[in-house]
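Now for the letters of each chain:
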Amino acid sequence: ARSYVVLGIETSCDDTAVAVVSSEGRILAEAVVKQDRIHAHYGGVVPGLARKAHEQVIDELIERVLCEAFACSADGVWIQSAHRLDAVAVTMGPGLEICLRVGFHAARRVLARLTSGATSPRPTFISTHHLESHCLVPRLFGLYRPAFPFLVLLVSGGHCMLLLARELGAYDVLGSTLDDSVGEAFDKIARLLGLNVGGGGGPALEQLAREGSPFAFDFPIPLKKRPDCNFSFAGLKTAVRMAIEHEVKQYGASIEVTNLLQVNRQAAADIAASFQRVSLEHLFERTRRALHWCRTHEPNVRSLIVSGGVAANLELRRRFGELAYDLGWRLQDEDNNHFKNATSNPDSGSDALADSIIFPPLRYCTDNGVMVAWAGIERLQRLDDAAGEPQPDSLEVV
Ligand code: KG4
Ligand code: ZN
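Bear in mind that the values here come from a model prediction, so they are computed numbers and not experimental data.

Calculation rules
Residues numbered from 1 in each chain as written. Chains lettered and ligands numbered in written order. Predicted model: local features only at pLDDT ≥ 70, side-chain atom pairs only at ≥ 80, totals over all residues. Axes fitted to C-alpha atoms, helices over the stretch in contact; angles between N-to-C directions. Helix = DSSP H or I, 4+ residues; strand = E, 2+ residues; numbered from the N terminus. Parallel < 35°, antiparallel > 145°, perpendicular 65-115°, else oblique. Contact = placed C-beta atoms within 7 Å. Nonpolar A, V, L, I, M, F, W, Y, C, P; charged D, E, K, R; others polar. Domains from an automatic or database assignment. Near = placed C-beta within 6 Å. Pairing = 2+ DSSP bridges. Core = buried A, V, L, I, M, F, W, Y, C linked by C-beta atoms within 7 Å. Buried ≥ 20, exposed ≤ 12 C-beta atoms within 10 Å, placed from the backbone. Left-handed = near helix turned anticlockwise from the far one by under 90°. pLDDT = per-residue confidence, 0-100.

A separate point is the packing of helix 8 (residues 234-249) against helix 10 (residues 265-297). Between helix 8 and helix 10, whose axes approach to 11 Å, the crossing angle comes to 170°. Here helix 10 runs roughly antiparallel to helix 8, going by the angle between their axes. Packed against helix 8, whose contacting residues are Leu-236, Val-240, Ala-243, Ile-244 and Glu-247, the element helix 10 presents Ala-267, Ile-271, Phe-275, Val-278 and Ser-279 at the interface. Residues of the contact of helix 8 with helix 10, tallied by class, amount to eight nonpolar, one polar and one charged.

As far as domains go, the protein chain holds domain 1 (5-141 + 365-388) and domain 2 (150-359). Contact with domain 1, which involves 15 residues of that partner, is made by 22 residues of domain 2. Contributions of two or more residues to the side of domain 1 that touches domain 2 are made by helix 1 (36-39), helix 5 (130-136) and helix 12 (369-388). Grouping the amino acids of the side of domain 1 that touches domain 2 by side-chain chemistry returns seven nonpolar, three polar and five charged.

Right, let's talk about the site of ligand 1 for a bit. Near ligand 1 there are 19 residues, and of these Ser-156, Gly-157, Gly-183, Gly-202 and Gly-309 occur at the shortest range. Residue assignment for the shell around ligand 1 shows that the elements contributing at least two residues are helix 6 (182-193) and helix 7 (201-209). When its residues are assigned to classes, the shell around ligand 1 shows five nonpolar, eleven polar and three charged. Counting only domains with at least three residues in the shell around ligand 1, you end up with domain 1 (5-141 + 365-388) and domain 2 (150-359).

With that settled, the discussion passes to the sheet that holds strand 4 (residues 87-93). With mixed pairing, five strands are arranged side by side in an open sheet as 3-2-1-4-5. At either end of the open sheet lies a strand with only one pairing partner, and these are strand 3 (27-34) and strand 5 (124-129). In this sheet, adjacent strand axes meet at a mean angle of 20° when their direction is disregarded. When strand 4 meets strand 5, the two strands line up parallel, connected through six bridges. Opposite Thr-91, over in strand 5, you have Thr-128 as the bridge partner. In the packing of helix 2 (residues 47-69) onto the sheet, the strands contacted are strand 1 (5-10), strand 2 (15-22) and strand 3, and the crossing angle to strand 2 comes to about 20°. Across the face of the sheet, helix 4 (residues 97-115) comes into contact with strand 1, strand 4 and strand 5 while running at roughly 165° to strand 4.

Glancing now at the nonpolar core. Side chains of nonpolar character tend, in soluble globular proteins, to be buried together. Leu-7, Leu-193 and Ala-373 are the most contacted members of the largest nonpolar core, which has 117 residues in total. Both domain 1 (5-141 + 365-388) and domain 2 (150-359) contribute no fewer than three residues apiece to this core. Setting aside residues up to four positions removed in sequence, Leu-193 forms contacts with Ile-244, Asn-259, Leu-260, Leu-261, Ala-268, Ile-271 and Ala-272.

For the rest of this paragraph, the subject is the packing of helix 7 against helix 10. At a minimum axis separation of 8 Å, helix 7 and helix 10 run at an interaxial angle of 110°. Between helix 7 and helix 10, the angle is such that the two are roughly perpendicular. Where helix 7 crosses over helix 10, the two elements pack in a sense that is left-handed. Contacts between helix 7 and helix 10 pair Leu-205, Glu-206, Leu-208 and Ala-209 from the former with Ala-268, Ala-269, Ala-272, Ala-273 and Gln-276 from the latter. Among the residues forming the contact of helix 7 with helix 10, the class breakdown is seven nonpolar, one polar and one charged.

In low-pLDDT segments, the atomic positions of the prediction should not be examined closely. The predicted model of the protein chain averages 86 in pLDDT, with 86% of residues at 70 or higher. Note on residues 336-353: pLDDT is under 50 here. Beyond four places in sequence and across chains, it has 35 contacts. Taken as a whole, residues 391-398 scores under 50 in pLDDT and shows one contact with residues more than four places along the chain or in a different chain. Listed scores for the predicted complex are pTM 0.88 and ipTM 0.98.

Below, the structure written as structure tokens:
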């Protein structure tokens, strides 16, 4: 197979991310600028601010990674060596329209610079699908490269879904959220509790939850009676909000109550722990259901990939580690040097639905340029493969 070097550009939400990756799986250079702090005060990503922040850094980031990848120093010198660039891959959606445009135009500028006066062939422009990039990135890492078909639990601020990856370009949505994503729920609850969410609501809530009892509050597990793989967090969020309000009321008018955390840290921690338990239980239960469905409908599914910002949650990782053990699957966790063999469980065996549960390395769970470049490489490879085969047209004998 031919080898490729691809520049990936990601600007679909609040991370400006670029990377240069080779088809051998080498990350030649990468850079990410996060906007967490810009949006923290607003309770969500503000599209106009996000666009501006992308615009401010994108060209410089691209310049930097190209220079690093092609080992050049002075501004613009990469053009001479960047003939080794085979393609520029850009996230074209889904995402915030005005932010996606920033990445697209930046890609166009790179291509224009590389083309003007160059003798080598113009790099290919590849538009990539954001979700496909999340799904494919584990194929770049680790000792074990998940083969199609595989199952993906994608859990972040923007996404909450179960995807069946059949092959390149063919994904079935087995379930998605009916309202909020799980990351949004973590972020909202963190704010309601009065946590400082500057570094992300999820991590702050996870930390507070360590001080609390996960069974102190009996919030209902969402969609328990619905026999599908969808998610919902609106009802749980309301139940948690009411519990917080109830706790705060205990302090009546005597205290100027601004947040529960200030007046009763233990109650806040108990609520955080209980919310975390229930929301993770929901993710877990839906995933088991999807795996069960695969057993009859897609018996070739041999791996489950858990990705997205929420996959950083240690409690979630612990739960999926237990699942791996129960079912005798291997577990490939964040550092990827590990490939734990969980098959020592004697009760597993025939019940095994898949061979492995895979967590991509943490920094590639969240939005990044590497996953975009890699999705571009897989696309190029497929084009290559297709070129070597007889085209359907040529087989037609009239
Ligand atoms: O993938 P990501 O960086 O960006 C989006 O595409 O949204 O995910 C960010 C989301 C946020 O909602 C954040 O609160 C959540 O992932 N998150 C966590 C944890 N770390 C990040 N949620 C729960 N526990 C964590 N440790
Ligand atoms: Zn994403």
